[in-house]
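Chain and residue survey
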Amino acid sequence: MFETGRLQKGVYGIEWIRVRNASPRALLFSPPLIGGNYAQQIRWFRPLLRKGYDLISFNFSGHGHSSGRFSPEQTREDTLRMLENALEIAAWEKLPLFGLGTCYAAIPLLKAAAETGDPFQKTVLINAIVHLRPASLLRSFFLFYRKIYRGSGIIDGARHYGEFMFPGVVKSRHAFGVLERRKIRIGKSLCDFFSPDPLENVCLRKTPFLCIYGLDDRVLQIYGKEFRKNYESALRKICPRICFHPLPGDHFLSHPAGRQKALEAVLNFFR
């Protein structure tokens, strides 16, 4: 069963959805991705829903029918507001609350968890990005530009780099996925990108974490040549009680066998 609604605060509202079971095992809280919507989270985690877990997700500002405009800081505010709402639901219905963070969504998820007192019983991170440092992204781009791209211009190279990193995501001059350019606060987003790391002082000592990541993930290779070592080290600083489960596969765990192994690992962890 699907339940939809709108979390309103003043003139701004966040569109949300909850997938419900008759007798849920727990409530999963899963922020969306930039350029995606809550339907994406339902598709990815449908096998968990069939095992009796409820799921709450939502659309960031500027996405779908959520009002306002997008910026990285706004995604953190949206996630905090929705997590506070999920905490009230879980307390009222006496359900365990678990976190699910994929790709960029890990940043607002972890930030919101820190600001609400580390509330999750357990959290799963899948190919989670926890730092978006300009130097790392520039190094990744120029490595692609020199060794993989064979074109002639930086602008054209940047377009191919975006497709290389995020294949299958519809991109154009006017939109990234479902996010339209006119709904982006471009100046604010650039300022956020060059601002201090939002997870710099975050440390969630109470919650057990499971991190699943693809060994062939192009996105995570922004962490450098020894990306596994650097990546796991960065996550341990934020989540000391973390276990890692690397799998063969890309950023989207596209191969069915890899996705099945990831699902089994998540179910075992939640049990």
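So, how was this worked out
Residues numbered from 1 in each chain as written. Predicted model: local features only at pLDDT ≥ 70, side-chain atom pairs only at ≥ 80, totals over all residues. Heavy atoms only, no water. Helix = DSSP H or I, 4+ residues; strand = E, 2+ residues; numbered from the N terminus. Buried < 20%, exposed > 50% of the residue type's maximum accessible area, 1.4 Å probe, protein only. Polar contact = N/O pair within 3.5 Å; in protein donor to acceptor, adjacent residues only side chain to side chain. Salt bridge = Lys/Arg side-chain N within 4 Å of Asp/Glu carboxyl O. Expected span 1.5 Å × (residues − 1). Arc of directions from axis to C-beta. Contact = heavy atoms within 4.5 Å. Pairing = 2+ DSSP bridges. Axes fitted to C-alpha atoms, helices over the stretch in contact; angles between N-to-C directions. Core = buried A, V, L, I, M, F, W, Y, C linked by side-chain atoms within 4.5 Å. Parallel < 35°, antiparallel > 145°, perpendicular 65-115°, else oblique. Left-handed = near helix turned anticlockwise from the far one by under 90°. Nonpolar A, V, L, I, M, F, W, Y, C, P; charged D, E, K, R; others polar.

**With respect to the overall build of the protein chain**
- Along the backbone of the protein chain there are 9 helices and 10 strands.
- Each of the 271 residues in the protein chain was classed as buried or not, and the buried ones make up 51%.

**Re the environment of Asp 118**
- Relative to the helices and strands, Asp 118 resides in the loop between helix 4 (106-115) and strand 6 (122-126).
- Look at Asp 118 and you get buried, because its relative accessible area is 9%.
- A sequence separation of 89 residues divides Asp 118 from Thr 207, and the C-alpha atoms of the two residues are 6.8 Å apart.
- Within the structure, Asp 118 has its side chain in polar contact with the side chain of Thr 207 (distance 2.5 Å).

**Points about the pattern of salt bridges**
- The final tally for this structure, using the stated rule, is 7 salt bridges.
- Salt-bridge contacts for Arg 20 lead to Glu 3; the nearest nitrogen and oxygen are separated by 2.7 Å. Of this pair, Arg 20 sits in the loop between strand 2 (12-19) and strand 3 (27-29) while Glu 3 sits in strand 1 (residues 2-9), and the two are 17 residues apart along the sequence.
- Residue Arg 20 is classed as partly exposed on the basis of its relative accessible area of 25%.
- With a relative accessible area of 29%, Glu 3 lands in the partly exposed category.
- Two residues, Glu 232 and Arg 236, come together in a salt bridge whose shortest N-O distance is 3.7 Å. One end of the pair is Glu 232 and the other is Arg 236, both in helix 8 (residues 227-238) and 4 residues apart, which spans about a single turn.
- The exposure class of Arg 236 is partly exposed, given its relative accessible area of 43%.
- The network of salt bridges with shared partners includes Glu 3, Arg 18, Arg 20, Asp 54 and Glu 93.

**Section: helix 8**
- Here helix 8 contains 12 residues, and its C-alpha end-to-end distance of 17 Å stays within 8% of the 16 Å for a straight helix at 1.5 Å per residue.
- By the burial criterion, the buried members of helix 8 are Phe 227, Tyr 231, Glu 232, Ala 234, Leu 235 and Ile 238. For helix 8, the arc enclosing every buried residue in end-on projection is 160°, short of the 170-degree limit, so these residues lie on one face. For helix 8, the exposed residues lying more than 90 degrees away from the buried face are Lys 229 and Lys 237.
- Those residues of helix 8 hidden inside the fold are in contact with helix 4, strand 6, strand 9 (209-214) and strand 10 (242-247).

**Let's talk about unusual backbone geometry**
- A positive phi is found at Lys 94, a non-glycine position, where the angle reads about 55°.
- Following the sequence through the fold, Lys 94 ends up in the loop between helix 3 (72-93) and strand 5 (97-102).
- Assessed through its relative accessible area of 72%, Lys 94 is described here as exposed.
- Unusually for a residue other than glycine, Asn 127 sits at a positive phi of about 45°.
- Since its relative accessible area comes to 1%, Asn 127 is described here as buried.

**Comments concerning the sheet that holds strand 10**
- The mixed open sheet is built from 8 strands, whose spatial order is 1-2-4-3-5-6-9-10. Here the strands that pair on one side only, and so sit at the sheet edges, are strand 1 and strand 10. For this sheet the average axis-to-axis angle between neighbouring strands, irrespective of direction, equals 20°.
- For strand 9 and strand 10, the ladder comprises 6 bridges, and the chain directions are parallel. Each bridged residue has a counterpart across the sheet, and for Phe 209 the counterpart in strand 10 is Ile 242.
- Against the sheet, helix 9 (residues 256-270) makes contact with strand 3, strand 5, strand 6, strand 9 and strand 10, and its axis sits at roughly 175° relative to strand 9, the strand it touches most.

**Comments concerning the nonpolar core**
- Within the largest apolar cluster, 46 residues are counted, with the highest numbers of intra-cluster contacts made by Phe 29, Met 82, Leu 97, Leu 110, Leu 125 and Leu 235.
- Secondary-structure elements contributing two or more residues to this core are strand 2, strand 3, strand 4 (54-58), helix 3, helix 4, strand 9, helix 8 and strand 10.
- With 6 residues, the single largest contributor to this core is helix 4.

**With respect to the packing of helix 3 against helix 4**
- Axis separation between helix 3 and helix 4 bottoms out at 9 Å; the angle between their running directions is 55°. The orientation of helix 3 with respect to helix 4, classified from their angle, is oblique. Between helix 3 and helix 4 the crossing geometry is right-handed. Listed contacts from helix 4 to Thr 75, Arg 76, Thr 79, Leu 80 and Leu 83 of helix 3 are Pro 108, Leu 109, Lys 111, Ala 112, Ala 113 and Glu 115.
- Across the contact of helix 3 with helix 4, the residue classes break down as 6 nonpolar, 2 polar and 3 charged.

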